[in-house]
Number of protein chains: 2
Amino acid sequence: MADAPEDMVESVLPTRWNREFEKVADALCPQLHKWTRTPQRVIKFDKDDSQYFGLRAVPADFPIDQLASKTWGRGDDIILDFGVHMVGFLSLRLESRGAHIDAPCRLRLTFGESPLDVTLGMDGVQTWIGTGWLPDEVVNVDMCPELVSVRRRHSFRYLRVQVVDTSPKYKVALADVRCECVSAVGQSHALDAPRFHGDLLTAIDRVSVATLRDCMQTVFEDGPRRDRRLWSGDLRLQALANYSTFKDYALVKRCIYQFAAVVREDGSLPACIFEHPRLTPSTDYIVDYDALFAAITNDYVAASGDVAAGRELWPTVLGCVRRALGHLDPATHAYDEKLGEGWNFLDWQPGLEHSAGEHGVLLYSLKAANALAGTIGEEPPFTDLLARMTEAAGRFLSSEGVFVSGPEAQVSYASAAWLVLAEAFPRETARAALLKTLARPDALRPLTPYLWHHVCDALATVGCFDECVDIVKDYWGGMVRAGADTFWECYDPKDPRASPYGDVRNNSFCHAWSCTPAYLLRGKLRDHVGVEGTGSATMGELDEDWIRTQVAP
Amino acid sequence: MADAPEDMVESVLPTRWNREFEKVADALCPQLHKWTRTPQRVIKFDKDDSQYFGLRAVPADFPIDQLASKTWGRGDDIILDFGVHMVGFLSLRLESRGAHIDAPCRLRLTFGESPLDVTLGMDGVQTWIGTGWLPDEVVNVDMCPELVSVRRRHSFRYLRVQVVDTSPKYKVALADVRCECVSAVGQSHALDAPRFHGDLLTAIDRVSVATLRDCMQTVFEDGPRRDRRLWSGDLRLQALANYSTFKDYALVKRCIYQFAAVVREDGSLPACIFEHPRLTPSTDYIVDYDALFAAITNDYVAASGDVAAGRELWPTVLGCVRRALGHLDPATHAYDEKLGEGWNFLDWQPGLEHSAGEHGVLLYSLKAANALAGTIGEEPPFTDLLARMTEAAGRFLSSEGVFVSGPEAQVSYASAAWLVLAEAFPRETARAALLKTLARPDALRPLTPYLWHHVCDALATVGCFDECVDIVKDYWGGMVRAGADTFWECYDPKDPRASPYGDVRNNSFCHAWSCTPAYLLRGKLRDHVGVEGTGSATMGELDEDWIRTQVAP
């Protein structure tokens, strides 16, 4: 997720703090693991129209262990390639060569997740979200040698070092360049490392795992570059991928309790939370994210077996669907985006009509709440309502057998995915409607990996495995072919500079809501795609394997 | 002084380290005094063609104590006026106002010694010296409140804060803005504070004192903004001004011993020294600066009474004139800039012929060495040579009674000033030649305050007090009228953007070699200009007085 547009922000409802839940969350704060990575090679990017970004990495003519012996002066421009995406703190020892450092050295450091970050420059970015996110730093060094330690945490694979100036009397050398990487997942963490049929699927799985790992800090961040914080919609997908990989139940529990600690006075949950300087709810509110808290909690209890938490969170779960229920037409029990309050999201696609999709989300969430009730020994509270809403779902099925939404009978992937996931129809009906939607050229397609995930999950749910794998290979595989080390916030196969914010340089290239292929491949798709090798590996081993494939001589 | 042009740098001679002298220098390293200053007002600069810089400070419509209650967002641009020039470390507490800081805040801080620094911006500076000197910093803040502490020491009166970005959800406030000022001279240091006839001369004296104070750090720096280091030519003038004001003999001794510790194998002294990371001679060499070390040492011993140091430094003094002696024509004993090795400086004025002026410098230096010999009980070694050089000086006096230099018989202020200061001629001859030079429209004029000082000192030496005071009032007074808090590295009354480096934004506006009016006014000019009030004041009191005159309501 990311910042909501200004006009989507509603007035702030008072928070009903639950300090006991906050204490539970605080006690679960992980001690971050730390490890050091060093650059693997010096590169430049040459133009190459056959590449997605139009750029091809060309290694320098010297090995990386000679870096500290090279000297650089005014105007020099160096790109270091660490070979793998990292989140951490950069340091280097700046040394001077020549007569003496007789004027300060000014460096501009740009931390690149993509080749564009380190080739376009960061000047003149036009974007409606804060340009303070841009990953460049200007460093002034009065005297050498000096240990330059960048205080901000950065998220990057490439480091561009622009020597703005030295002086005619000296040049500088870059020694001991390193990144102290951080994550809640350490390098020694072992996980299943299936080898799928076909290298592409295995690579997609690895990139998913790396994406998830780099987003796992003291909370599940949406993106370690931007916005670096916990959004509930992203959390749900991260938690699912995490159950298939790292199985870090404590971090999920911490995040769930953080949300539960800041429920608003009407029982609704904020879409997003700030961890610093102290736990604070964001003013952002999203109806579908709110309702899905029921699913997040039910998933967590089912995966972890932590039934006690389910009991403790039960009142919160009952509250989280209330705002969505306010969107139901009292006469028909059909969701209407024009009723009730709050931002209906589902996807960033402009013009999306949300009613059908949100009907699916709410059904899905109420079923999760009922399931949780069963687990914790409560009477399932939504049984009658589910029956009525299931019946009402029929209003969204057109006579042609596709799902439609709103007065214009809009056909969209969003409506189809969520009505399928909600299992509102017999499997064959749902399957046919979903496939017809995907076959229609006029159907409104997803813009975000978040909705693409739900399309894939829906396909797998109704047994359309081939169609699901095709999308995984095409969409997430497209990012891998384009050079992704981690999956992106947004991906337009036709436009490498597409951005929801007006400028690709403010995009995040390691984004939680695109980490789900590992969940699908290791779950619903596993038997279908075929696993050629099993076994486990540590994250350190997986990283080293990745680096080898990236910087092979 | 400042960086030498590249082609003036000669190959490095090996250093003959004197570690005992280095120890003496180390032991004299001052503990810097520290005090805090806060901004006095928020201002903007309006166009005003009646002002030297074309700008007039206009106070904001709120008092400074309301600063922390004001909020600032993307594109806001604030100038804080501290009311006095300072050298130190800036800090402020950045606070956020609004919903929550949901994107980093990026600030650009520009430290201004002049109104141009904080209005022109620091982009696109074209200069042949390092742009790393430019006094701007880019600060990225992820979370508020945060104490922003700028690590570099800056030299400034104005602080421009440009809010590059916040986000639509929050703005920032600037709280606890302060500068921790540093100098070898503390706020409680008391010194004579004469009130001269006419406010202008008193102001000129105060600005001289402030200039000197801000250059006095762990060495006498040439300029606390640029180059922040010890040049021997500047040291000589600073020491003279210091004997008339702060009387900090220890800091002078430290600097003298630093030079004496790094004499080169031929006995010559580097023009400049680096203090960090360890004491190191610069590769810069200037013949006149080298020879004048004799005068620096003699002045120090005379002012401090430290005869033991004079004895210890005697071999160094004998060495320092040797390279200059190599420029004497063996047949005539006249200085010829084309003989011998090394850069002849005197002034930055292009096209200057140095022979006559350097003849004066060498005579002056040899006389100082002979005087020192007398003080320490050595046989004066240069008596015969002085007689020959005094006779040879006649070659530089034209039949018209002006001093000329080189094959083109160039008439310059430099030649006249130094031949007068060397007392190479009878007083009336010297006086007439100096006044004739000043009266000639074709005479090559000074470019730097360094040479203007020597012109003034020469005028005072031959009793031309009115002419001397006129220059002081016109030249240094011109800077005061233009708004100087400290005297500048270079001042062109006709061009506020003049720079020896191609761009005024790389000029230093607090520069040691322009601090000498205090020496002249409190010395040779004192009886002539008339002192209307005596008494002493602390530096803190003088600063507060200054601030009152600058930011009066």
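Residues numbered from 1 in each chain as written. Chains lettered and ligands numbered in written order. Predicted model: local features only at pLDDT ≥ 70, side-chain atom pairs only at ≥ 80, totals over all residues. Heavy atoms only, no water.

Explanation requested: the overall build of chain A in the structure shown.
Counting its regular elements, chain A contains 16 helices and 16 strands. Rg of the C-alpha trace for chain A: 24 Å, near the compact-globule value of 24 Å for 553 residues, within the 12% margin. Just so you have it, chain A exposes about 19500 Å², and 49% of that area is on carbon and sulfur atoms. Mean positive and mean negative side-chain charge positions of chain A (57 and 77 charges, respectively) differ by 4 Å. (Helix = DSSP H or I, 4+ residues; strand = E, 2+ residues; numbered from the N terminus. Rg over C-alpha atoms; globule rule 2.2 N^0.38 Å. Areas by Shrake-Rupley, 256 points an atom, 1.4 Å probe, with all protein chains shown as cover. Lys, Arg positive; Asp, Glu negative; His and termini not counted. Charge placed at Lys NZ, Arg CZ, Asp CG, Glu CD.)

What is the right way to look at the environment of B:Val307 in this model?
Residue and element names in this part refer to chain B. Looking at the secondary structure, you find Val307 in helix H6 (residues 307-320). Linking Val307 and Leu32, residues 275 residues apart in sequence, is a C-alpha distance of 27 Å. If we ignore the near neighbours within four places in the chain, the residues touching Val307 are Val301, Thr375 and Ile376. (Contact = heavy atoms within 4.5 Å.)

Can you walk me through the interface of chain B and chain A in this structure?
For an interface, size is often stated in terms of accessible area lost upon the parts coming together. Each side of the interface is counted separately: chain B has 44 residues, and chain A has 44 residues. Roughly 3400 Å² is buried in total at the junction of chain B and chain A, and carbon and sulfur atoms are behind 47% of that figure. Ranking the residues of chain B by area buried against chain A places B:His100, B:Arg106 and B:Lys169 at the top, with a combined share of 16%. Connecting chain B to chain A are 26 residue pairs in polar contact (both at pLDDT 80 or more). (Buried area = accessible area lost by both parts, 1.4 Å probe. Polar contact = N/O pair within 3.5 Å; in protein donor to acceptor, adjacent residues only side chain to side chain.)

For this particular structure, what's the right way to read the layout of surface pockets?
Any space left empty among the atoms is revealed by the rolling of a water-sized probe across them. In this structure, the largest pocket spans a volume of roughly 1300 Å³. Elements supplying a minimum of two residues to the lining of the largest pocket: strand E6 (136-141), strand E7 (146-149) and strand E13 (272-274) of chain A together with strand E6 (136-141) and strand E7 (146-149) of chain B. It is E6(B) that provides the largest number of residues to the lining of the largest pocket, a total of five residues. A class-by-class count of the residues in the lining of the largest pocket yields 23 nonpolar, nine polar and 16 charged. (1 Å grid on protein atoms, 1.4 Å probe; cavity = no way out; pocket = protein on both sides within 12 Å on 5 of 7 lines; lining within 4 Å. Points joined across faces, edges and corners; volume = space filled by probe spheres on them. Nonpolar A, V, L, I, M, F, W, Y, C, P; charged D, E, K, R; others polar.)

How do you make sense of the relation of the copies chain B and chain A when you look at a structure like this?
Mapping chain B onto chain A leaves a residual RMSD of 0.0 Å; the transformation is a rotation of 180 degrees accompanied by 0.0 Å of translation along its axis. Both copies of the chain, as the preceding transformation shows, are related through a two-fold rotation axis. Closest approach to the rotation axis among the C-alpha atoms of chain B is made by B:Val138, whose C-alpha sits 3.0 Å away. Interface residue correspondence from chain B to chain A reaches 100%, placing this contact among same-surface, isologous pairings. (Least-squares fit on C-alpha atoms with pLDDT ≥ 70 in both.)

Explain the packing of aromatic side chains to me, please; I cannot follow it from the model alone.
Geometry of an aromatic ring pair is reported as the spacing of the ring centres plus the angle between the planes. Throughout the structure, instances matching the rule amount to 54 aromatic pairs over all chains. Here the aromatic rings of B:Tyr243 and B:Tyr249 are separated by 5.8 Å at their centres, their planes lie at 25 degrees, and the arrangement is stacked. Residue B:Tyr243 is classed as buried on the basis of its relative accessible area of 11%. Connected via pairs of aromatic rings, a cluster forms that spans A:Tyr52, A:Phe53, A:Tyr413, A:Trp452, A:Tyr475, A:Trp476, A:Trp488, A:Tyr491 and A:Phe509. Over the ring of B:Trp17 we find B:Arg19, and its NZ or CZ is 4.1 Å from the ring centre. A cation over a ring is seen here: B:Arg323 above B:Tyr285, with NZ or CZ 4.3 Å from the ring centre. (Phe/Tyr/Trp six-rings, centres within 6.5 Å; stacked < 30°, edge-to-face > 60°. Buried < 20%, exposed > 50% of the residue type's maximum accessible area, 1.4 Å probe, protein only. Lys NZ or Arg CZ within 6 Å of the ring centre and 35° of its normal.)

Would you take a moment to explain the pairing of strand E2 (residues 41-47) of chain B for this structure?
Sheet faces and side chains relate simply in a regular strand, where the side chains alternate between the two faces. Residues and elements named next belong to chain B. As judged from the three bridges shared by E2 and strand E4 (residues 77-98), these two strands associate in the antiparallel manner. Across the sheet, the residue bridging to Arg41 is Asp81, located in E4. Two strands pair when backbone bridges link them, and E2 and strand E3 (residues 55-59) are joined in this way by five bridges, in the antiparallel orientation. Note that in E3 the partner of Lys44 across the bridge is Val58. (Pairing = 2+ DSSP bridges.)

Explanation requested: helix H1 (residues 19-27) of chain B in the structure shown.
Every α-helix winds through 3.6 residues per turn, so residues three or four apart in the chain are directed the same way. Residues and elements named next belong to chain B. Buried within H1 are the following residues: Phe21, Glu22 and Ala25. Buried residues of H1 fall within an arc of 100 degrees about the axis and therefore sit on the same side. In H1, those exposed residues whose orientation departs by more than 90 degrees from the buried face are Glu20, Lys23 and Ala27. Residues of H1 that are buried in the fold lie against helix H4 (249-261) and H6. (Arc of directions from axis to C-beta.)

Could you clarify how one ought to interpret the packing of helix H3 (residues 232-244) of chain B against helix H5 (residues 287-304) of chain B in this entry?
In a packed pair of helices, the relevant descriptors are the angle between the two axes and the axis-to-axis distance. Residues and elements named next belong to chain B. Between H3 and H5, the least distance of the axes is 9 Å, while the angle of their chain directions is 20 degrees. One finds that H3 runs roughly parallel with respect to H5. Handedness of the crossing formed by H3 with H5: left-handed. From H3, Ser232, Gly233, Asp234, Leu235, Arg236, Leu240 and Tyr243 reach across to H5, where they touch Tyr289, Leu292, Ala295, Ile296, Asp299, Tyr300 and Ala303. For the contact of H3 with H5, the per-class residue count stands at nine nonpolar, two polar and three charged. (Axes fitted to C-alpha atoms, helices over the stretch in contact; angles between N-to-C directions. Parallel < 35°, antiparallel > 145°, perpendicular 65-115°, else oblique. Left-handed = near helix turned anticlockwise from the far one by under 90°.)

Please explain the sheet that holds strand E13 (residues 272-274) of chain B as it appears in this structure.
The pairing of strands in a sheet comes from backbone hydrogen bonds and takes either a parallel or an antiparallel form. Residue and element names in this part refer to chain B. An order of E12-E13-E14 is seen for the three strands of this open sheet, with the pairing classed as antiparallel. Two strands in the sheet have a free side with no partner beyond their single neighbour: strand E12 (230-231) and strand E14 (280-281). Across two bridges, the pairing between E13 and E14 is antiparallel. Across the sheet, residue Ile273 finds its bridge partner in E14, namely Pro281.

What should I look at first to understand the side chain of B:Thr218 in this one?
Residue and element names in this part refer to chain B. With respect to the helices, strands and loops of the structure, Thr218 is situated in the loop between helix H2 (199-215) and E12. On the basis of relative accessible area, Thr218 is assigned to the buried category, the value being 16%. Reaching out from Thr218, the side chain makes a polar contact with the side chain of Glu275 at a distance of 2.6 Å. With residues up to four places along the chain from it excluded, the contact list for Thr218 reads Cys29, Pro30, Leu32, Leu251, Arg254 and Glu275.

Mind showing me how you'd approach the sheet that holds strand E12 (residues 230-231) of chain A here?
All names here are of chain A. Read across the open sheet, the three strands follow the order E12-E13-E14; overall the sheet is antiparallel. At either margin of the open sheet sits one strand with a lone partner, and together these are E12 and strand E14 (280-281). In terms of strand pairing, E12 meets E13 through two bridges, oriented antiparallel. Bridge pairing in E13 places Trp231 opposite Cys272.

For this particular structure, what's the right way to read the pattern of salt bridges?
Pairing is possible between side chains that carry opposite charge, provided their charged atoms lie close to one another. This structure, assessed with the given rule, holds 84 salt bridges over all chains. Where A:Asp545 meets A:Arg548, a salt bridge forms, and the shortest distance between an N and an O atom there is 2.6 Å. Taken as a pair, A:Asp545 and A:Arg548 lie in helix H16 (residues 539-550) at a separation of three residues, close to a single helical turn. Given the relative accessible area of 54%, A:Arg548 is considered exposed. The partner of B:Glu275 in a salt bridge is B:Arg254, with the nearest N and O atoms 2.7 Å apart. Of the two residues, B:Glu275 is situated in the loop between E13 and E14 and B:Arg254 in helix H4; the sequence distance between them amounts to 21 residues. (Salt bridge = Lys/Arg side-chain N within 4 Å of Asp/Glu carboxyl O.)

Can you walk me through the UniProt feature "domain: Glycosyl hydrolase family 78 alpha-rhamnosidase N-terminal" (unreviewed entry) in chain A in this structure?
Those residues carrying the UniProt feature "domain: Glycosyl hydrolase family 78 alpha-rhamnosidase N-terminal" (unreviewed entry) are residues 39-181 of chain A in this numbering. A helix fraction of 0% and a strand fraction of 53% characterise residues 39-181 of chain A, whose end C-alpha atoms lie 13 Å from each other. (UniProt positions renumbered as here; feature names shortened; annotations may be inferred.)

Looking at this structure, I do not really get the packing of H5(B) against H6(B). What am I missing?
Residues and elements named next belong to chain B. For the pair H5 and H6, interaxial distance at closest approach is 9 Å and the crossing angle is 170 degrees. Compared by their axis directions, H5 and H6 come out roughly antiparallel. Contacts from Asp290, Ala291, Phe293, Ala294, Thr297, Tyr300 and Val301 of H5 reach H6 at Val307, Ala309, Gly310, Leu313, Thr316, Val317 and Cys320. Looking at the contact of H5 with H6 residue by residue, the classes come out as 10 nonpolar, three polar and one charged.

How do you make sense of unusual backbone geometry when you look at a structure like this?
Only a minority of non-glycine residues have a phi that is not negative, and only a minority of peptide bonds are not trans. A cis amide bond links A:Arg226 to the next residue, A:Asp227, at an omega of 0 degrees. Position of A:Asp227 among the secondary structure elements: in the loop between helix H2 (199-215) and E12. A:His276 connects to A:Pro277 through a cis peptide bond whose omega is -5 degrees. Mapped onto the elements, A:Pro277 comes out in the loop between E13 and E14. In the Ramachandran plot, B:Lys247 falls in the positive-phi region, its phi being about 55 degrees despite a non-glycine side chain. Examined against the element boundaries, B:Lys247 turns out to sit in the loop between H3 and H4. A relative accessible area of 44% means that B:Lys247 is categorised as partly exposed.

I keep staring at helix H4 (residues 249-261) of chain A and nothing clicks. Help me out?
Residue and element names in this part refer to chain A. With 13 residues, H4 extends 18 Å between its outermost C-alpha atoms, agreeing within 8% with the 18 Å of an ideal straight helix rising 1.5 Å per residue. Most of H4 sits out of view: 11 of its 13 residues are buried. If you check which residues of H4 are buried, you get Leu251, Val252, Lys253, Arg254, Cys255, Ile256, Tyr257, Gln258, Phe259, Ala260 and Ala261. Tucked inside the fold, the buried residues of H4 contact helix H1 (19-27), E12, helix H3 (232-244), E13, helix H5 (287-304) and helix H6 (307-320). (Expected span 1.5 Å × (residues − 1).)

Whenever I open this one, the side chain of A:Gln410 confuses me. Can you help?
All names here are of chain A. One can find Gln410 in the loop between helix H9 (383-392) and helix H10 (413-421). Take Gln410: its relative accessible area is 18%, and that puts it in the buried class. A distance of 2.8 Å separates a polar side-chain atom of Gln410 from the backbone oxygen of Gly351. If near-sequence neighbours (up to four positions away) are discounted, Gln410 is found in contact with Gly351, Leu352, Glu353, Phe403, Val404, Ser405 and Leu444.

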